[in-house]
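In case you want the letters, here they are:
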Amino acid sequence: MTDGAAARGQRFLADLESATGRAVVGAEAPLRLLVTTLVAGGHALLEDVPGVGKTLLARAVSMALGLSFARVQGTPDLLPTDVTGSSILERGEFRFVPGPIFANIVLVDEINRATPRTQSSLLEAMQERQVTVEGVTRDLPEPFIVLATQNPVELEGTFALPEAQLDRFLVRIRLGYPDEDGERRISRRHQAAAEPLDEVPTVADAARLLALREAARTVRVASEVESYIVALVRATREHRDVRLGASPRASVSLYRTAQAAALLAGRDFVLPDDVRGVAAAVLEHRLLLDIDRELRGATAEGVVAEVLDAVELAVEPAEEPAPIRP
Amino acid sequence: MTGWLALAAALVATGAAANAPGLVVVAAIAAGYATLTRLWTRFGARNVSYERRLGASRAVAGDSVALDITVWNRKPLPLPWIAVDDLLTEGLTVRERPDLDHADERQHRRLLRNTWALTWFERVIRHFHLDDVRRGAYELGPARLRIRDLFGRDAADDEVEGRTTLTVVPRSVPVTQVPTDRAPLGERRAPSSLVADPALFSGVRPFQAGDGLRRVHWRATARLGAPVSRRYEPARGRTVVIAVDVQTLDDVAHWEMAYDDDAFETLCVVAASLARRYLDDGASVGIAAASFTGTPQRIAWLAPRAGMGQVARVGELLARIGPVSSMPFGALLAWLARRLPSGATVVALSARDARVVAPVLRRLGRSGFAVEAIGVASTWSGDALGFPVHAAHLTPDWQHPDGLRLS
Amino acid sequence: MVFGFPDPEAVARRVERDPPPIRKGARDGHSRLLPVLQAIADGSLLAVCYAALQAALGEAPLVGPIELSLFAGAGIAWARRRRWTGPMADMVGSIALAVLGGALAWFLDPAVRVALVGGHTEAALGLHLPGWVGAVAVLRGRTHAAREDDEDQQDRMLRFGIPLLALPWLVGHLASEGGAERAFIGTAYISTLMFAASAFTALGLARLELVRRTSGEAAGSRRSWLLLVGGVALGVTLLGIPAAALLGVPVASLTAALVGPLRTLLLVLLLLSTPLIVAVAALTELLGPLLPRGITIPRISLPRLDTVPADISSTPTIVFFAVLALLLVAELLLVGLYLWYRMQERRRAAAAEVAGFEERAIVRPPDEASLPPAPPASPRRRFDPASPVGAYLAALEELAARAHLARRASETPAAHARRVGASIGGPSLGRLAAAYQLVRYAGAPLATRETRRAPRRVEELRRRIQHG
């Protein structure tokens, strides 16, 4: 990998921040995480209470990237074919009408309102990057990114995503409420423009994103950092509050996300800080807590924070440099 | 303090006029007293921090929760006497302070009072323990901080606003059923299935007026030359709602503030245990009770949802309900009938005589719901009332339960 | 890499070690000090008033603050005793005690004793002012009958006592001159200081006692508070001496005022020891004939009550002094043993109460103690600062000795460098960490110029640690 790729990564992030910043205010950290996910080639689950701008963020990013975009509203009567598409009879012949899944960026709003069957068909597409409709397997476009949102508070009429399927999301992003200044800027922006998304320019394209993905895969991960990643993931399995810790897929996800984070920071090598920066987003939704500990207030956030505090990062090399005897 | 200084000045003047040096001694004492007192009045409350930390924000009934209280005098002026009165919701037992005084100004609050003398920059941490916590939602704080001067006179006070909450969920215990050959709880299905699961495709049928276009099976329509619609299997997912009857006395109107505390706590433990059991079996479980939970809503309601994460939410709701009913149990069940999908199982949990709640449950059964009743009174059992009735027994008691037996 | 989580078992073990709850109603030693201080404050205030009256009569005061404090103390002790048979017995007892106190104070006047020994009872009865003051002191003690009112009483005592002091001082100065004025000043000055020190301290203790009663908290941990209050008392005394010089209070008057009560105390002790002296005298009389020839015991003669205590030294024989000294040593030994036992008891109780329940530390802001402790000291190693990795490790070794600067085991080099930079300033560690990261994580060779700078940066960091 060249220094140029690292610089391109940094510029890509700056461009996206500048473009989406015209519509989205006070969500710098979630935006950075979302862009990291795109560069890492993963899908993101945006989870937070209503009204914090989950959908707006997803749409602003897709507009800035200039990719094809489709939105699916999760409802209990949403069928798998509503997502994947189906054949219809037209002038005596069947014609396949592709569903919204065939867009570059698919925003699945309130994914937990869709039935488990629809959810699993969608999540299968996320994993395989292809769908099989009526016996025919069709490839999904590249890049293919699913941005799903869910509201963790409103539970009535929802179907919780099974843990195995949550694992398919590279990261879970929580937006949180903006600070006072951010909230004031949001109000001003809506006063100035009827639809803030109209202000978002297209600053990238599919080719640029795919090139960055390629570059991200070549970002150097030193053996110490590799060991650190593995130790973090393994530590989640041994934590007293956890029934089912992060899977080996989580190690891979953490590895790839850290690489993308390093690239976007303008580096061609991963620092332990990159790993720590994305660990919460990558690991939290993959943990299944022990129910008795959960009843006593244990949370996935708390587990990851404890793991980050507990896992040591060795700085002294095993063999070099040799200590000097006095 | 101005009075003391004026007195000192007057004494000095008199002493000088009368050539009486003794008066100067008295004046010096008065002035010294005034100055020292002013020092603590002005600076005493500055840079004093108070922190209250709970070992856990949630606990299970019967647990012991650590409570650390830290006070830090972050200045060079020593504090001869600092007292912090922390308000605690009634019902918490502090191991190190078995007798907590009532707070005068707040109802249902107790005072955890601590006093210290702190030297410059001294920080003290006290480790308390909240023992054998009872089910409920508790609040700790705000705290009132009072500082006295060297002579014990009130010099300054301050209010530390921060509040800490502790939610104590009821204990959930393994459920056993006697006799064991009987169908497990909640598996009894509704008499008719009105809800089809679109995920369970079972075939086609002729198109009927009112069928949506999305329901039309286009390929079969083309093949048959006539419009046909998809047919789905009925929903298989079990939805169980536990309706808790918070009224615990038979002959008392729902608005009266009379209740049987033991019976109510038993209801909560039984509800938590059943919910956990159903969720473990893969059912979607919800819970409803006619009770205020600190919000204006008259019904404590948790929508049905599957997954073990629901256990914590059920516990949270049960921690917040109280034994005073906000509406009659019948009204709660009527509300549920409008809210639940047909085919759901309603498990009514009550401490009252089965015959009191039987009419409303029968009505609910006729509306297309599966109905079961579980009573914590010893007289409950059998099917004589038109729906299955079980009696629940916690062993050995609700305070330290290790099992729930249904018969 | 290793990791570990807080051990729940360890928490459970700590819970097991926790102390028993603080008992409501447990009384502290210093709560017993309160009536003593109240008695001193009452006695001292009365002594100033009495000295002013004597000065107005042109005479030196015959009883001082210590004697009057003893009378007030007797009154408090009587008032706080268990009631015997009801209000009537209580009232009769109080009057009897007041009469007794008055008589004792009257008897303390050497002129009275001389008159009595000389058989001039009428003349002795004419010298009655100290007797009245003594009786008032006893009755004054009765106002402290209820412990619940201590705080109010002491508050009132200070609020009215200090301005009230001005009046006798004014009367004493204006109505006397010469020797009488000097005697007045000496007694009034000492009494005023005693009043101020004891009244302030008593007020503090009374409030402390009130808090103990209301909160049920023992005040054993409030030693610093007691030290501060004791410091006030000591400060008043120490400042009083130079203040006396500045105000022109004659040293002779001060000495007389201090020595007078001591002489009185000696007389009281003498009187209390009289039965023992009589027994010793009788014993020597009995043993005398049995002793071998040539060995004689000096005869013991009883002290004479018509002498002033200062003349006592010429009266008794050497055996009397030896017996007295033995008596005193025994008494002091007993008191010492009692105090030692009490101290040990308190120490054990305090240790049992505080261990595990309360942690105290002096922490200067910013809160350095909130950081985890420094890693355990490992055998000191020296790394070669000539290489970027060695230089960074050498810098870490320098920082390891300081808890708030040492790198935490889970901390990344960059995060640690930021924290240290914010604490001691300077970019040295940040640059060393950056070079280390490049070598270790990027696998990139470092420019020679950068490598050469590494030792200088370690040195600069060392300087900053030492000076910052």
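In this text the structure is predicted, and so the values were computed from the model without any measurement.

### Quick notes on the overall build of chain C
And then number 1: When you go through chain C residue by residue, the secondary structure sums to 16 helices and one strand.
And then number 2: Split into buried and exposed, the 468 residues of chain C put 36% on the buried side.
And then number 3: Expressed as a percentage of contacts within chain C between residues at least 6 apart in sequence, the contacts between residues at least 24 apart total 76%.

### As for the overall build of chain A
And then number 1: From N to C terminus, chain A includes 13 helices and eleven strands.
And then number 2: Taking 2.2 N^0.38 as the reference for a compact globule, 326 residues should give roughly 20 Å; the C-alpha atoms of chain A span a radius of gyration of 21 Å, in line with that estimate.
And then number 3: A principal-axis box enclosing the C-alpha atoms of chain A has dimensions of 90 × 45 × 45 Å.
And then number 4: Across the 326 residues in chain A, those meeting the buried criterion constitute 48%.
And then number 5: Intrachain contacts of chain A at a sequence separation of at least 6 include 80% that bridge at least 24 residues.

### A look at the interface of chain A and chain B
And then number 1: Counting from both sides, the interface comprises 19 residues of chain A and, opposite them, 23 residues of chain B.
And then number 2: Mapped onto the side of chain A that touches chain B, the elements with two or more residues apiece are β3 (85-90), α5 (116-128) and α12 (291-295) of chain A.
And then number 3: By residue class, the composition of the side of chain A that touches chain B is nine nonpolar, four polar and six charged.

### Brief notes about the sheet that holds strand β15 (residues 239-244) of chain B
Within a sheet, adjacent strands bond to each other through the backbone by hydrogen bonds, running parallel or antiparallel.
Residues and elements named next belong to chain B.
And then number 1: An order of β12-β21-β20-β19-β18-β15-β16-β17 is seen for the eight strands of this open sheet, with the pairing classed as mixed. In this open sheet, the two strands that pair with only one neighbour each are β12 (175-177) and β17 (300-305). Here the strands of the sheet are splayed against their neighbours by 25 degrees on average, with no regard to which way each runs.
And then number 2: Where strand β16 (residues 284-289) lies against β17, four bridges are found, and the strand directions are antiparallel. Within β17, the position partnered with Ala289 by the bridge is Ala300.
And then number 3: Lying over the sheet, helix α4 (residues 261-280) contacts β12, β15, β16, β18 (345-350), β19 (370-375), β20 (389-395) and β21 (403-406), oriented at roughly 180 degrees with respect to β15.
And then number 4: Contacts from helix α7 (residues 354-366) reach β18, β19 and β20 within the one sheet, and its direction differs from that of β19 by about 165 degrees.

### Quick word on the environment of Ala56(C)
Residues and elements named next belong to chain C.
And then number 1: Summarising the element assignment, Ala56 is placed in helix α2 (residues 29-56).
And then number 2: Residue Ala56 is classed as partly exposed on the basis of its 16 C-beta neighbours within 10 Å.
And then number 3: Residues Ala56 and Leu174 lie 118 residues apart in sequence; the distance between their C-alpha atoms is 8.4 Å.
And then number 4: Not counting residues within four places of it along the chain, the set of residues in contact with Ala56 comprises Val171, Ala175 and Ser176.

### Brief notes about the pairing of strand β6 (residues 130-133) of chain A
Residue and element names in this part refer to chain A.
And then number 1: Pairing analysis gives four bridges linking β6 to strand β7 (residues 136-139), with the strands arranged antiparallel. Directly across from Gln130, in β7, lies its bridge partner Asp139.
And then number 2: Linkage of β6 to β7, two consecutive antiparallel strands, is achieved through a turn of two residues, within which Glu134 is found at a positive phi near 50 degrees.

### Observations regarding unusual backbone geometry
And then number 1: The linkage connecting Glu142(A) with the following residue, Pro143(A), adopts the cis geometry, with an omega of -5 degrees.
And then number 2: Assignment of secondary structure puts Pro143(A) in the loop between β7 and β8 (145-150).
And then number 3: Here the residue pair Thr395(B) and Pro396(B) is connected by a cis peptide bond, since its omega of -10 degrees sits within 30 degrees of zero.
And then number 4: Structurally, Pro396(B) can be placed in the loop between β20 and β21.
And then number 5: Even without glycine at this site, Arg129(A) takes up a positive phi of about 60 degrees.
And then number 6: Along the chain, Arg129(A) turns up in the loop between α5 and β6.
And then number 7: Under the C-beta neighbour-count criterion, Arg129(A) is labelled partly exposed, with 13 such atoms within 10 Å.

### Here's the deal with the environment of Leu97(C)
All names here are of chain C.
And then number 1: Its location among the elements puts Leu97 in helix α4 (residues 87-107).
And then number 2: Residue class for Leu97 comes out buried when judged on the 21 C-beta atoms lying within 10 Å of it.
And then number 3: Spatially, the C-alpha atom of Leu97 lies 85 Å from that of Leu432, the residues being 335 residues apart in sequence.

### Comments concerning the packing of helix α9 (residues 223-238) of chain A against helix α10 (residues 248-264) of chain A
All names here are of chain A.
And then number 1: Where α9 meets α10, the axes come as close as 9 Å, and the angle between the chain directions of the two elements is 135 degrees. Our classification of the angle between α9 and α10 gives oblique. Our pair here, α9 against α10, has a crossing hand that is right-handed. Contacts from Ile229, Val230 and Val233 of α9 reach α10 at Ala250, Ser251, Leu254, Tyr255 and Ala258.
And then number 2: Residues belonging to the contact of α9 with α10 are distributed by class as follows: seven nonpolar, one polar and no charged.

### Re helix α3 (residues 65-79) of chain C
And then number 1: With 15 residues, α3(C) should cover 21 Å at 1.5 Å per step; its first-to-last C-alpha distance of 21 Å lies within 8% of that length.
And then number 2: The buried fraction of α3(C) is high, at 13 of 15 residues.

### A look at the sheet that holds strand β2 (residues 69-73) of chain A
Residues and elements named next belong to chain A.
And then number 1: The strand order across the open sheet built from five strands is β2-β5-β8-β1-β9, with neighbouring strands paired in parallel fashion. The open sheet has two edge strands with one neighbour each: β2 and β9 (171-173). The mean angle between the axes of side-by-side strands here comes to 20 degrees, regardless of whether they run parallel or antiparallel.
And then number 2: Inspection of the sheet shows β2 paired to strand β5 (residues 105-109) by five bridges, in the parallel sense. Along β5, the bridge assignment pairs Val72 with Val108.
And then number 3: Sitting on the sheet, helix α3 (residues 54-65) is in contact with β1 (44-47), β2, β5 and β8, with an inclination near 170 degrees to β5.

### Points about helix α5 (residues 309-320) of chain B
And then number 1: With twelve residues, α5(B) should reach 16 Å at 1.5 Å per residue; the first-to-last C-alpha distance of 18 Å fits that figure.
And then number 2: When α5(B) is considered as a whole, its buried residues turn out to be Gln310(B), Val311(B), Ala312(B), Val314(B), Gly315(B), Leu317(B), Leu318(B) and Ala319(B).
And then number 3: The inward-facing, buried residues of α5(B) abut α12 of chain A together with β9 (136-148), β11 (164-169), α4, β16 and β17 of chain B.

### Overview of the confidence of the model for chain C
Reading predicted coordinates in detail is not appropriate for stretches of low pLDDT.
Residues and elements named next belong to chain C.
And then number 1: Looking at chain C, the pLDDT average stands at 73 and 62% of residues meet or exceed 70.
And then number 2: Across residues 305-317, confidence stays below pLDDT 50; counting only partners more than four residues off in sequence or on other chains, it has 22 contacts.
And then number 3: Taken as a whole, residues 368-372 scores under 50 in pLDDT and shows seven contacts with residues more than four places along the chain or in a different chain.

### A look at the packing of helix α13 (residues 388-400) of chain C against helix α16 (residues 448-467) of chain C
Residue and element names in this part refer to chain C.
And then number 1: Two numbers describe how α13 lies on α16: the axes approach to 9 Å, and their chain directions differ by 5 degrees. One way to sum up the angle between α13 and α16 is to call them roughly parallel. Here α13 contributes Pro388, Ala391, Ala394, Ala395, Glu398 and Leu399 to the contact with α16, which in turn contributes Thr451, Ala454, Pro455, Arg457, Val458, Leu461, Arg462 and Ile465.
And then number 2: Among the residues forming the contact of α13 with α16, the class breakdown is ten nonpolar, one polar and three charged.

### Considering the nonpolar core
And then number 1: Counting 303 residues, the largest nonpolar core has Ala243(B) and Ala271(B) as its most contacted members.
And then number 2: At 19 residues, the largest contribution of residues to this core is made by helix α9 (residues 178-215) of chain C.
And then number 3: Ignoring anything within four residues of it in the chain, the contact list for Ala243(B) reads Ala288(B), Leu332(B), Leu333(B), Leu336(B), Val346(B), Val347(B), Ala348(B) and Leu349(B).

### Focus: the environment of Glu122(C)
And then number 1: Secondary-structure assignment places Glu122(C) in helix α6 (residues 121-126).
And then number 2: Along the sequence, Glu122(C) and Val112(C) sit ten residues apart, while their C-alpha atoms lie 9.9 Å from each other.

### Some remarks on the pairing of strand β4 (residues 79-89) of chain B
Each regular strand shows side chains that alternate between the opposite faces of the sheet.
All names here are of chain B.
And then number 1: Judged by how many residues are buried, β4 sits mostly within the fold: eight of eleven residues are covered.
And then number 2: Across nine bridges, the pairing between β4 and strand β7 (residues 109-118) is antiparallel. Bridged to Thr89 within β7 is Arg109.
And then number 3: Relative to β9, β4 is paired through seven bridges, and the arrangement is antiparallel.

### A word on the confidence of the model for chain A
Residue and element names in this part refer to chain A.
And then number 1: Per-residue pLDDT for chain A has a mean of 87; in total, 95% of the residues score no lower than 70.
And then number 2: Of all helices and strands in chain A, the one with the weakest mean pLDDT is helix α7 (residues 180-192) (76), whereas helix α11 (residues 272-283) scores best (96).
And then number 3: Every residue in residues 321-326 is under pLDDT 50, and counting partners more than four places away or in other chains gives eleven contacts.

About the thresholds
- Residues numbered from 1 in each chain as written.
- Chains lettered and ligands numbered in written order.
- Predicted model: local features only at pLDDT ≥ 70, side-chain atom pairs only at ≥ 80, totals over all residues.
- Helix = DSSP H or I, 4+ residues; strand = E, 2+ residues; numbered from the N terminus.
- Buried ≥ 20, exposed ≤ 12 C-beta atoms within 10 Å, placed from the backbone.
- Contact = placed C-beta atoms within 7 Å.
- Rg over C-alpha atoms; globule rule 2.2 N^0.38 Å.
- Nonpolar A, V, L, I, M, F, W, Y, C, P; charged D, E, K, R; others polar.
- Pairing = 2+ DSSP bridges.
- Axes fitted to C-alpha atoms, helices over the stretch in contact; angles between N-to-C directions.
- Parallel < 35°, antiparallel > 145°, perpendicular 65-115°, else oblique.
- Left-handed = near helix turned anticlockwise from the far one by under 90°.
- Expected span 1.5 Å × (residues − 1).
- pLDDT = per-residue confidence, 0-100.
- Core = buried A, V, L, I, M, F, W, Y, C linked by C-beta atoms within 7 Å.

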